[in-house]
Structures are given as structure tokens and as C-alpha cells.
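Observations on the model geometry
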Amino acid sequence: MNIVILNGSPRPKGNTAAMVAAYREGAEAAGHTVIVFDVCRMRIAGCLACEHCHQKNPRACVQADDMRLIYPALDEADMLVLASPVYYHGLSGQLKCAIDRIYAPGYPRRLRKAALLLSSGSKGVYDGAIYTYRHSFLGWLHLEDMGVFTAAGDQNKSHELLSQLREAGASLADPDDHNVPRLVIRCGDVEVKAPLNQTQAARDLMNRLPLTVVGHDSGVDYCCELKEGDFDEDEKQQGWNDGDISVVGGWFAILHSGQEESAAYRVMVVAHLEEKDNELVRTLPHDTTFGLSLEEPWHER
Ligand SMILES: Cc1cc2nc3c(=O)[nH]c(=O)nc-3n(C[C@H](O)[C@H](O)[C@H](O)COP(=O)(O)O)c2cc1C
């Protein structure tokens, strides 16, 4: 698993850095790849709320600063760890700037898990930071909680704390299907769900949900108009299997029949329906409106 840790402490040999080092040591020993970004030693400005990333150039931030080093790593990350000293009952300002800039990529494509490491002077000062973590990361970004670890006063740098963090890092397992986000497709009383894959096109679709699309049954697929989104040409596949859901070329399509003749086509598959759900889709009326949404909250499944 690829793990990105954002360390929001300005003290390179401080308490948060010790927590990060122990967690990293455990995770690396278990075979995970860990990248730590010391955001306080990077040039990262706050979000300008210019909406360039949502309106003009999807997922691209207009600001040319060190977030440009973090974005690609975040794109490949399966897990994000936020580490911070508690400042005035919240996360450090430098870390908050980096967090706000995640607004640009929206849902990083592979990201499934998160954890929070907090260091403080006093006990019981974590509610503000934990609120941000629970609502923005677990809730908004749909991530599975891998734990909140805190250290107050004398607990900082203690043998017990650092052992606990090493063990927590070492016990991390690779993401499994249980944590995969699912596309919900509704048509009248019929509702089917399909796990989204990790293509750029799937992530782009996630960012655009909820959507309503209208289309008709061609006999092979339900073909619905959908404005062209972002995708990687190299991720297209040759042919389709019945039940594949594809986007691209201005279409959202549920490819329910005809896989035998499909080899001639290159398609961008973003999800796949189980056979029983594909059978159900085949029974829908010729002209159909589909409601598309993201299953929420999928980390509680
Ligand atoms: C600007 C500032 C604000 C702080 N606010 C709090 C606070 O609200 N509650 C608390 O318990 N400690 C607070 N502290 C103490 C730090 O959270 C604590 O010393 C922490 O262990 C520092 O971590 P570090 O060594 O990684 O920098 C604050 C420290 C600073 C510099």
C-alpha cells in the first residue's frame, strides 16, 4: 500500500516527528511504501477559492507552489496520514493549508484509508482536530478510519506511545474490496451497485456525482449522453464484458449484452455489475432515466 503522511509540525525533532517516524517504521517493516511530507518546510499557500480546479481545469490547482510535489503522491496513495501538533485546539495552520488544497483533486483516485496522529501539551484537547478528520476525511473523502493516536504531555516520545505507533503501522493491511467505493444506479424501483475501479475516468465520474442521465436501450447497451470528462487514453481496454459500465466519448453506457462481438471496440470501463444486476438492467424499459450517485458512507459497510 502507498501511504502519504503529511506532517504539520514545524519542529523537525519534535513530538509529532517522533510519532510519524514510529508509524512509518512499522508500516515500512510491513512492506508498505511511505512518503512523508514535512509541510512546514514546504511552500504551501492557502486555497484561493478561485474554483479554477472545478470550473476551468478539473483537478488542477492554479497555484504553482510545493503542493505540486504532494499532488502526484496523493494520486498514487492508498492511505493518507495526517500528523499534527495541536494548536489552539486544532490542526497546525501549515497542515490546514495543505488540507484545503486537496480541494483541487477532489477524490484522489486510489485513496481508501486515513489515520490521524496528534501531539499536544495537555490532555483532552483533540475535539477540533478530530472533528475535521472525521467529517472532511472519513465523511467527505469517504475514507476508512485506521485510527486516531494522541500523545499529551509526558506521553510524547514515551516508549509506550512509540511502540503503539510502530505496531499500528505494522498492522496495516492492503485495501480490500470491502473499501471500494460503489456507484449506485437507480431507475424507478430498481437499484444496482457496482464497485468503481481505479481509472482516472472512474475518479472523474466520482467527482461529478450525483448525476442524472437519460438514454435508451440499443439492444447491446443503455446509452446515455454524458458530457466528456477527464480520462487516461492508456486505461481504455479492448472489448467489454456484459455488465461493464463505461464512460467516454460523451457517453455513459451500461454494456449489458454482446460481449462476444465486443472485441472490435476500445472502451473505458469504470465499473462492473454482477451478473444478477446485469440481468435486472436488461429488464428496464427502452427509454430510461438513471440516477447515478456514490454509495455513502461506504466505509461503514
Ligand atoms: C501555537 C501553539 C499552540 C498550541 N496550542 C495548544 C493547545 O491548544 N493545547 C495543547 O494542549 N497544546 C498546545 N500547544 C502545545 C503543542 O501542541 C505541544 O507542545 C506539541 O507536543 C508540539 O508538538 P511538536 O513537538 O511536534 O511541535 C501549542 C503550541 C503552540 C506552539
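1. With respect to the overall build of the protein
Counting secondary structure elements, the protein contains eight helices and 15 strands. For the protein, the spread of C-alpha atoms along the three principal axes comes to 70 × 40 × 35 Å. Within the protein, buried positions represent 39% of all 301 residues. Counting only contacts in the protein whose residues sit at least 6 apart along the sequence, the fraction spanning at least 24 positions is 77%.

2. Some words on the sheet that holds strand 3 (residues 79-85)
A sheet is described by the order of its strands in space; here five strands give the open sequence 2-1-3-4-5, paired in parallel fashion. The strands lining the two open edges of the sheet, one partner per strand, are strand 2 (33-38) and strand 5 (144-152). The sheet shows a mean angle of 15° between the axes of neighbouring strands, taken without regard to direction. Sheet analysis places strand 1 (residues 2-7) next to strand 3, joined by five bridges and oriented parallel. Counterpart to Val 4 in the pairing with strand 3 is Leu 80.

3. A few points about the domain arrangement of the protein
If you check the domain split of the protein, you get domain 1 (2-177) and domain 2 (180-300). Between domain 1 and domain 2, the C-alpha centre-to-centre distance is 33 Å. A breakdown of the residues in the side of domain 1 that touches domain 2 according to their chemical character gives four nonpolar, three polar and four charged.

4. Some words on the pairing of strand 5
Direction of pairing for strand 4 (residues 113-120) relative to strand 5: parallel, over a ladder of seven bridges. In the sheet register, Leu 116 faces strand 5, and the bridge partner there is Val 148. A crossover connection joins strand 4 to the parallel strand 5 through helix 5 (residues 127-140); in handedness this β-α-β unit is right-handed.

5. With respect to the sheet that holds strand 8 (residues 211-217)
Strand order in the open sheet made by the eight strands is 7-6-15-8-9-12-11-14, with antiparallel pairing throughout. Edge positions in the sheet fall to strand 7 (190-195) and strand 14 (269-272), since each has one partner strand and no second. The average angle at which neighbouring strand axes cross in this sheet is 25°, direction not considered. Where strand 9 (residues 221-225) meets strand 12 (residues 251-255), five bridges bridge the pair, whose relative direction is antiparallel. By the bridge assignment for strand 12, Glu 225 is matched with Trp 251. Against the sheet, helix 7 (residues 200-208) touches strand 8, strand 11 (244-248), strand 14 and strand 15 (287-294), its axis set at about 75° to strand 14. Sitting on the sheet, helix 8 (residues 275-282) is in contact with strand 7, strand 9 and strand 12, with an inclination near 140° to strand 7.

6. Concerning the nonpolar core
Of all hydrophobic cores here, the largest spans 49 residues; its most connected members are Leu 6, Met 19, Val 81, Ala 98 and Leu 117. For this core, the element with the most residues is helix 1 (residues 15-29), which contributes seven residues. Ile 245, Ile 254, Val 267 and Val 270 belong to the second largest nonpolar core, which has 29 residues in total.

7. Comments concerning the site of the ligand
Taken together, 17 residues form the shell around the ligand, and within it Ser 9, Gly 14, Thr 16, Pro 85 and Gly 121 come nearest. Secondary structure elements with two or more residues in the shell around the ligand: helix 1 and strand 4. In terms of residue class, the shell around the ligand is built from six nonpolar, 10 polar and one charged.

8. Re the environment of Glu 28
Along the chain, Glu 28 turns up in helix 1. Residues Glu 28 and Gly 90, 62 residues apart in the sequence, show an inter-C-alpha distance of 28 Å.

9. A look at the packing of helix 1 against helix 6 (residues 159-170)
When two helices pack together, their arrangement is given by the angle between the helix axes and the distance between those axes. Contact geometry for helix 1 and helix 6: axes closest at 6 Å, N-to-C directions at 35°. You can see that helix 1 and helix 6 cross each other, and the crossing is right-handed. Mapping the contact onto sequence places Ala 18, Met 19, Ala 22, Tyr 23, Arg 24, Glu 25, Gly 26, Ala 27 and Ala 29 in helix 1 and Leu 162, Leu 165, Arg 166, Glu 167, Ala 168, Gly 169 and Ala 170 in helix 6. Per-class residue counts for the contact of helix 1 with helix 6 are 10 nonpolar, two polar and four charged.

10. What to know about helix 5
All of the buried residues along helix 5 are Ala 129, Tyr 133 and Phe 137. In the core, the buried residues of helix 5 are packed alongside strand 3, strand 4 and strand 5.

11. Some words on the pairing of strand 1
The buried fraction of strand 1 is high, at five of six residues. In this sheet, strand 2 lies alongside strand 1 in parallel orientation, the contact comprising six bridges. Bridge pairing links Asn 7 to Asp 38 in strand 2. In the classification by handedness, the crossover that spans strand 1, the intervening helix 1 and the parallel strand 2 is right-handed.

Rules and cut-offs
- Note that residues are indexed from 1 along each chain, following the sequence as it is written.
- Local features are withheld for residues below a pLDDT of 70 in this predicted model, meaning they are given only at 70 or higher, and side-chain atom pairs are given and counted only at 80 or more; totals for whole chains, interfaces and linings count all residues.
- Secondary structure elements follow DSSP: runs of H or I no shorter than four residues count as helices, runs of E no shorter than two count as strands, and numbering proceeds from the N terminus.
- Exposed residues have 12 or fewer other C-beta atoms within 10 Å of their own C-beta, buried residues have 20 or more, and partly exposed residues fall in between, where C-beta atoms are placed from the backbone.
- Two residues form a contact once the distance between their C-beta atoms, set from the backbone, is within 7 Å.
- Here a strand pair is declared whenever DSSP counts at least two bridges between the two strands.
- Each axis is a line fitted through C-alpha atoms, and for a helix only the stretch in contact is used; angles between axes span 0 to 180 degrees, taken between their N-to-C directions.
- Domain limits in this description derive from either an automatic procedure or a database domain assignment.
- Residue type decides the class: Asp, Glu, Lys and Arg count as charged, Ala, Val, Leu, Ile, Met, Phe, Trp, Tyr, Cys and Pro as nonpolar, and the leftover types, Gly among them, as polar.
- When the strands point away from the viewer and the path from the first strand over the helix to the second turns clockwise, the crossover is right-handed.
- Any set of buried Ala, Val, Leu, Ile, Met, Phe, Trp, Tyr and Cys residues joined through C-beta atoms within 7 Å is what this text calls a nonpolar core.
- Throughout this description, a residue near a molecule or strand is one whose C-beta atom, derived from the backbone, lies within 6 Å of it.
- By convention, the crossing between two helices is left-handed when the near helix turns anticlockwise from the far helix through less than a right angle, and right-handed when the turn is clockwise.

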